[in-house]
Amino acid sequence: MTHRIAVVVLDHFAPLDLGVPGQVFWSAETPSGEKLYEVVTCSEGRAPVRCSAGYTVQPDHDLDVLDTADTVVVPGIHAGAPLRHGTISPTLRDALRDRPRIMSICTGAFVLAAAGLLDGRPATTHWRDAARFARLFPKVRLDPDVLFVDDGDVLTSAGVASGLDLCLHVVRRDHGSEVANRTARRCVMPPWREGGQAQYVDRPLPQGGGGTAATRAWMLAHLDVPLDLNALAGHARMSVRTFTRRFRDETGMSPGRWLVRQRVQHARHLLETTDLGVEEVARRSGFGTAVSLRQHLHAAVGVPPLAYRRTFRRD
C-alpha cells in the first residue's frame, strides 16, 4: 500500500525544503518500478503561500488532508511568528498533533516546537538559528551538530540540504538499504553523508597544506583494526596536536568521534545486508566485541544489533 506524505506549507517557506520531500519520496520505487510514496501538499485553509524567493504556490489541500497522511512533513521557513515568537495558530497546532509520524526540515523544527511536539525530546535545526531556538524552546533537547535526529515518531533535520539526508533516512527506515540506495542514485546524492552540521559552521580554513582527507580515507579502509591518534597522525605525517586540530577544522569533530560514527555506520550496513553474527559484525566494524557494538549502536540509534536487524532488514 502506498504511504502518503503530507507536506504542510507555511508563508515564507524555503523553496528547496518544499521540493525535497516530493523529489526524494517520489523517487523511491520497488525493483519493478512501483511508487512507494504519494506526496500531497496542504496549507491552512488551502490558502496560497508565498516563499522567500518571491513567488506563490497554491497547495491542493487544506489541513484536513493530514487525517489521511501516514507521515507529515513541515518544511523550513525564513520568517514568521514561529521564528520570531515561537508561536503558531491554534488551528495549525491542533492539526499537527497526534500524527503517526511527523518530521521537519531546517527551521520547520520551530513549528513542531511551537506545537509542543518537541518538549523533552531531542531535535535539531539550522545551526544559524540554534541559539534562537534554544531561547524560545528551552524544554527541547537541542543538538545543533547533527544533520538529523530520528526520535521514532518525530524527526527533525538541520539546515537546507540535510532535508535530503532525513528523507532518504526515512526511505531507508521504511524499506531498507537497497531501496534507499536506488533512491539516492536516482537523486544523484550519496546514500549517507559523513559528519555533522558542525562541519558547515563558519570557521577559518586550516592553515597550510596537507589536510586529513587521505587519512580519513585510510581510516575507512581499516575500520576493523585498532586506530589510535599516534597511528593516525603518523599516517598524515603530522604531530598529534596538529592532526587533531586540522581534523576538527575539516570535519567539525574529533578523530575519535568521527571514527566511531563511521564504525557505527559500517555495522549498520553489515546488519542490514548480511547474515553475519553480531560478534563478527563487531569485529569487522572495529568494535571488537558484541558488548561494545551493542553499546555504541544503542547510543546512536536507540536499539541493540538484533533489534536493528529485524527493523531494517528487508528480505
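Since the model is a prediction, treat every value here as computed from it, not as a measurement.

Colleague: Describe the overall build of the protein, with residues and values.
Modeller: The secondary structure content of the protein amounts to 14 helices and 10 strands. For 315 residues, the compact-globule estimate of 2.2 N^0.38 gives 20 Å, and the protein sits close to it at 21 Å. Structurally, the protein occupies a C-alpha span of about 60 × 45 × 35 Å along its principal axes. By element, 52% of the accessible surface of the protein is carried by carbon and sulfur atoms, the whole surface being about 14800 Å². The distance from the centre of the 39 positive side-chain charges to the centre of the 34 negative ones in the protein is 6 Å.

Colleague: An account of the confidence of the model for the protein is requested, with residue identities and associated values reported.
Modeller: Taken as a whole, the protein shows an average pLDDT of 89; of its residues, 92% reach a score of 70 or greater. Residue range residues 203-209 is modelled with pLDDT below 50. Its contacts to residues more than four positions away, or to other chains, number 9 contacts.

Colleague: Explain the environment of Arg132 to me, using residue names and the numbers behind them.
Modeller: Within the secondary structure, Arg132 sits in helix H5 (residues 130-136). By relative accessible area, Arg132 is classed as partly exposed at 33%. Through-space distance from the C-alpha of Arg132 to that of Phe110 is 9.7 Å; in sequence the pair is 22 residues apart. When residues no more than four places from it in sequence are discounted, the contact partners of Arg132 are Leu83 and Phe110.

Colleague: Residue-level account of the packing of helix H1 (residues 15-27) against helix H6 (residues 162-175), with values.
Modeller: The geometry of H1 relative to H6 is characterised by a closest axis approach of 9 Å and an angle of 35° between their N-to-C directions. Of the two elements, H1 crosses H6, and the hand of that crossing is right-handed. Counting all contacts with H1, which are made through Val20, Pro21, Val24 and Phe25, the residues of H6 involved are Gly163, Leu164, Cys167, Leu168, Val170 and Val171. Here the contact of H1 with H6 is built from residues that sort into 9 nonpolar, 1 polar and no charged.

Colleague: Any details on the packing of helix H11 (residues 255-273) against helix H13 (residues 290-301)? Residues and values, ideally.
Modeller: Contact geometry for H11 and H13: axes closest at 10 Å, N-to-C directions at 95°. With respect to H13, the element H11 is oriented roughly perpendicular. Residue-level inspection shows Val260, Val264, Ala267, Arg268 and Leu271 of H11 in contact with H13, the latter providing Leu293, His296, Leu297, Ala300 and Val301. Among the residues making up the contact of H11 with H13, the classes are represented as 8 nonpolar, 1 polar and 1 charged.

Colleague: Residue-level account of the pairing of strand S5 (residues 71-74), with values.
Modeller: The two faces of S5 match: Thr71 and Val73 on one face and Val72 and Val74 on the other face are all buried. In the sheet, strand S1 (residues 3-8) pairs with S5 via 3 bridges, with the strands oriented parallel. Across the sheet, Ile5 pairs through a bridge with Thr71, a residue of S5. With 3 bridges joining them, S5 and strand S6 (residues 102-104) adopt parallel strand pairing.

Colleague: So what about the nonpolar core? Which residues, and what values?
Modeller: With 32 residues, the main nonpolar core has Val8, Leu66, Leu92, Leu96, Val111, Leu118 and Phe133 as its most contacted residues. Those elements that provide at least two residues to this core are S1, strand S2 (37-42), S5, helix H3 (90-96) and helix H4 (108-114). At 6 residues, H4 tops the list of elements feeding residues into this core. Sequence-distant contacts of Leu118, defined by excluding residues within four places in its chain, comprise Ala109, Leu112, Ala113, Ala123, Phe133, Lys139, Val140, Val154 and Thr156.

Colleague: Kindly report on the sheet that holds S5, identifying the contributing residues and their values.
Modeller: Pairing is mixed in the open sheet, where 6 strands are placed in the order S2-S1-S5-S6-S10-S9. Since the sheet does not close on itself, it has two edges, and those belong to S2 and strand S9 (148-150), each with one partner. This sheet shows a mean twist of 15° between the axes of neighbouring strands, independent of strand direction. Running at roughly 160° to S2, H1 makes contact with S1, S2, S5 and S6 of the sheet. Sheet strands in contact with H6 are S1, S2, S6, S9 and strand S10 (154-157), and its direction is about 145° off that of S10.

Colleague: Tell me about the environment of Cys51, and please be specific about residues and values.
Modeller: Within the secondary structure, Cys51 sits in the loop between strand S3 (49-50) and strand S4 (56-57). Judged by relative accessible area, which is 5%, Cys51 ranks as buried. Distance in space between the C-alpha atoms of Cys51 and Gly163 is 17 Å, their sequence separation being 112 residues. Aside from chain neighbours lying at most four places away, what touches Cys51 is His12, Phe13 and Pro15.

Colleague: Explain the side chain of Arg216 to me, and be specific about the residues and the numbers.
Modeller: If you trace the backbone, Arg216 turns up in helix H8 (residues 213-221). Relative accessible area serves as the criterion here: at 17%, Arg216 is assigned to the buried category. At 3.2 Å, the side chain of Arg216 forms a polar contact with the side chain of Glu250. Among residues more than four places away in sequence, those in contact with Arg216 are Phe247, Glu250, Thr251 and Trp258.

Colleague: Pulling in residues and values, what's your account of the pattern of salt bridges?
Modeller: A full pass over the atoms with the stated rule returns 15 salt bridges. The residue Asp94 makes a salt bridge to Arg93 at a minimum N-O spacing of 3.6 Å. Here Arg257 makes a salt bridge to Asp145, at a shortest N to O gap of 2.9 Å. Of this pair, Arg257 sits in helix H11 while Asp145 sits in the loop between strand S8 (141-142) and S9, placing them 112 residues apart in sequence. Here Arg257 falls in the partly exposed class, since its relative accessible area comes to 39%. Salt bridges here are not isolated pairs; linked through shared partners, they connect Glu29, Lys35 and Arg186.

About the thresholds
Residues numbered from 1 in each chain as written. Predicted model: local features only at pLDDT ≥ 70, side-chain atom pairs only at ≥ 80, totals over all residues. Heavy atoms only, no water. Helix = DSSP H or I, 4+ residues; strand = E, 2+ residues; numbered from the N terminus. Rg over C-alpha atoms; globule rule 2.2 N^0.38 Å. Areas by Shrake-Rupley, 256 points an atom, 1.4 Å probe, with all protein chains shown as cover. Lys, Arg positive; Asp, Glu negative; His and termini not counted. Charge placed at Lys NZ, Arg CZ, Asp CG, Glu CD. pLDDT = per-residue confidence, 0-100. Contact = heavy atoms within 4.5 Å. Buried < 20%, exposed > 50% of the residue type's maximum accessible area, 1.4 Å probe, protein only. Axes fitted to C-alpha atoms, helices over the stretch in contact; angles between N-to-C directions. Left-handed = near helix turned anticlockwise from the far one by under 90°. Nonpolar A, V, L, I, M, F, W, Y, C, P; charged D, E, K, R; others polar. Parallel < 35°, antiparallel > 145°, perpendicular 65-115°, else oblique. Pairing = 2+ DSSP bridges. Core = buried A, V, L, I, M, F, W, Y, C linked by side-chain atoms within 4.5 Å. Polar contact = N/O pair within 3.5 Å; in protein donor to acceptor, adjacent residues only side chain to side chain. Salt bridge = Lys/Arg side-chain N within 4 Å of Asp/Glu carboxyl O.

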